[in-house]
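# Structural characterization, general
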Amino acid sequence: MPEALKTRFLQYGWLAPATLPLAMIGGRGLFHSVFFLYILWALFSVRSLRIENHRSYLLLFSLLLASYALSIPFAVDAARAMKTWSTLLLFSGSTLITLAMLQRDPDNLRRLLAALGVCGLVAVLAAYADLGKILLLEDEFAPRHQLKAVNLTFYLPFALAWLWMAAAPRWARVAGIALTTAAIIGYVILSEERSSFVGLVCALICLGILVLRTHPLLTIAFVSGVVVLAVALNGEALLRNLSKGEDRFSQLDAFSSGRLTLWTQAIQNPPENWLIGAGMGNARHHMEAVSIHGNLVKHLHNIWLDAWFETGILGLALLLALLFYVFSTTSRHWQRIPRPERLTAALFVTGALTILAETQFSISYASREFGIYAFTCFVVLLHLAGGAARQGRAASGSG
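Below is a summary of the structure that appears in this document. (Residues numbered from 1 in each chain as written. Predicted model: local features only at pLDDT ≥ 70, side-chain atom pairs only at ≥ 80, totals over all residues. Heavy atoms only, no water.)

## Quick notes on the overall build of the protein
Of the regular secondary structure elements, the protein holds 18 helices and two strands. A globule of 399 residues ought to have a C-alpha radius of gyration of about 21 Å, and the protein, at 22 Å, matches this closely. Looking at the protein as a whole, 53% of its 399 residues qualify as buried. Taking all contacts inside the protein whose residues are at least 6 apart in sequence as the whole, residues at least 24 apart take part in 76%. When the accessible surface of the protein is summed, it comes to about 19000 Å², and 64% of that surface belongs to carbon and sulfur atoms. (Helix = DSSP H or I, 4+ residues; strand = E, 2+ residues; numbered from the N terminus. Rg over C-alpha atoms; globule rule 2.2 N^0.38 Å. Buried < 20%, exposed > 50% of the residue type's maximum accessible area, 1.4 Å probe, protein only. Contact = heavy atoms within 4.5 Å. Areas by Shrake-Rupley, 256 points an atom, 1.4 Å probe, with all protein chains shown as cover.)

Here is the structure:
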């Protein structure tokens, strides 16, 4: 039995992370069930997995998690800090399995891209089915709390790529792409979630410039049209509170749902230990920083401030170092990546930047979206850049 589980995991079980954004549409319970079953399944195959030629990334990744752990003994709620750290370790650590599988078989990258694309299309159907259920069965409709648009914005580039590569008449592919794009844009607009809308705008810009390679002005014109459409269809919700306040700061603070006040308070009331921070998941215990109009929030709704407040200057510096390493390595070897694989790289750059855009206003550095979705994109980019670097060295050696 263990050998059979190992074989099936190496064949298709390792693709389970591609289903996680889809599972999240079904709720956190379904997400965690799928994720932890994946981790247990992976344990049967861990001895068969090897990661080569990525020592710098593995070192930065290890240092980052170590820096996050330093404040656990000193946190107000050490148990919460330990739980948050352990969860992030599982989230981001699981992406190393993906990296090992990409190195194991050159065809696995194509399979991962296809899995993300198919799951993205299923996610669109599931999201609208869930919307229909809410409208029919729920007494109240609260889009910001009931609709999970972030999963669709992440899936967008992969779903469109799969449709384009599918074996179908050209008109059917174009129609499918147009319909899927419209469905995701419509869902995000309806969700009233402005951070997801920022992610959508980022995804569309990256798709236009990096994937389709259209002129930047044409891309900006299209995205501007989407923004105008969003305001026309649901501007009252997306622009809520913009007119409140007597001065510019008050207006922007109201428009950002108090985020400017939140960020200002955090800067004015920094953690006692500036080097290692207040502890993961412990911002909520510092009322002077996270209290807005008598309400307490769980985190600061900005990846940089969240990382700084909870893991200190050390944690923030290592997070920035890891991100800089991933994107600088990708950029340095971009021209050496073969053209078909460069298109794949552009899709994963789009996915990573989409999540990063949303972390500026909502998603935490310790979230599942950043820890799994973004880190999956990171390891794919490093895999492609590493392959291009090795080909370059081989060519130089033979020459």
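## A short note on empty space enclosed by the protein
Here the structure, examined in full by the defined rule, presents two cavities of 30 Å³ or more. Of the pockets and cavities examined, the largest cavity occupies roughly 70 Å³. Pro-17, Ala-18, Pro-21, Leu-112, Leu-116, Phe-154, Ile-372, Tyr-373 and Thr-376 together form the lining of the largest cavity. When residues of the lining of the largest cavity are assigned to their parent elements, the largest contribution, three residues, is made by helix 18 (residues 368-398). The class makeup of the residues in the lining of the largest cavity is eight nonpolar, one polar and no charged. Considering only enclosed or pocket space, the second largest cavity measures out at about 50 Å³ in volume. Along its surface, the second largest cavity is lined by Leu-64, Leu-65, Tyr-68, Leu-88, Ser-92, Leu-319, Tyr-365, Phe-370 and Phe-375. The element contributing the most residues to the lining of the second largest cavity is helix 4 (residues 55-69), with three residues. Tallied by class, residues from the lining of the second largest cavity come to eight nonpolar, one polar and no charged. (1 Å grid on protein atoms, 1.4 Å probe; cavity = no way out; pocket = protein on both sides within 12 Å on 5 of 7 lines; lining within 4 Å. Points joined across faces, edges and corners; volume = space filled by probe spheres on them. Nonpolar A, V, L, I, M, F, W, Y, C, P; charged D, E, K, R; others polar.)

## As for the nonpolar core
Counting residues in each nonpolar core, the largest one holds 123 residues, and the members touching the most others are Tyr-57, Tyr-68, Leu-319, Leu-322, Phe-348, Phe-370 and Phe-378. The element contributing the most residues to this core is helix 18, with 13 residues. Here Leu-319 is in contact with Leu-64, Tyr-68, Ile-303, Trp-304, Ala-307, Tyr-365 and Phe-370, once residues within four sequence places are set aside. (Core = buried A, V, L, I, M, F, W, Y, C linked by side-chain atoms within 4.5 Å.)

## Thoughts on the side chain of Glu-369
Of note, Glu-369 is situated in helix 18. Despite its burial, Glu-369 remains without a salt bridge, the nearest opposite charge being carried by Arg-368 at 4.2 Å. (Lys, Arg positive; Asp, Glu negative; His and termini not counted. Salt bridge = Lys/Arg side-chain N within 4 Å of Asp/Glu carboxyl O.)

## Focus on a nonpolar patch on the surface
Together, Val-227, Val-231, Leu-239 and Leu-242 give the surface a local cluster of nonpolar side chains, amounting to about 270 Å² of exposed area. Position of Val-231 relative to the elements: it lies in helix 12 (residues 216-238). (Patch = residues over 30% accessible without salt bridge, like charges linked within 9 Å, V, L, I, M, F, W, Y side chains within 5 Å.)

## Side note on the pattern of salt bridges
Scanning the model with the defined rule gives four salt bridges in all. Among the salt bridges present, the one from Lys-133 reaches Asp-130, with a minimum N-O distance of 3.7 Å. Of the two residues, Lys-133 and Asp-130 both sit in helix 7 (residues 108-137), three residues apart, roughly one turn of that helix. Assessed through its relative accessible area of 15%, Asp-130 is described here as buried. Note that Arg-144 is salt-bridged to Glu-192, the shortest N-O span being 3.6 Å. One end of the pair, Arg-144, is in helix 8 (residues 143-146); the other, Glu-192, is in the loop between helix 10 (170-191) and helix 11 (194-211), with 48 residues separating them in the sequence.

## Some points on the state of the cysteines
One pass over the full model with this rule turns up zero disulfides. Of all cysteine sulfurs, the one in Cys-377 lies closest to Cys-119, which takes part in no disulfide; the gap is 14 Å. Residue Cys-119 is classed as buried on the basis of its relative accessible area, which comes to 11%. For Cys-206, which is in no disulfide, the shortest distance to another cysteine sulfur is to Cys-202 and amounts to 4.1 Å. (Disulfide = S-S within 2.5 Å.)

## Examining the layout of surface pockets
Volume-wise, the second largest pocket comes out at about 950 Å³. Leu-160, Ile-177, Leu-207, Val-211 and Leu-212 are the residues nearest the centre of the second largest pocket, which is lined by 33 residues in total. When contributions to the lining of the second largest pocket are tallied by element, the ones reaching two or more residues are helix 7, helix 9 (149-165), helix 10, helix 11, helix 12 and helix 17 (339-359). Here the lining of the second largest pocket gets seven residues from one element, more than from any other, and that element is helix 10.

## A few points about the packing of helix 6 (residues 95-104) against helix 7
Put simply, helix 6 and helix 7 touch, their axes get as near as 8 Å, and they point 130 degrees apart. The orientation of helix 6 relative to helix 7 falls into the category oblique. Of the residues in helix 7, those in contact with Thr-98, Met-101 and Leu-102 of helix 6 are Asn-108, Leu-109 and Leu-112. Looking at side-chain class alone, the contact of helix 6 with helix 7 contains four nonpolar, two polar and no charged residues. (Axes fitted to C-alpha atoms, helices over the stretch in contact; angles between N-to-C directions. Parallel < 35°, antiparallel > 145°, perpendicular 65-115°, else oblique.)

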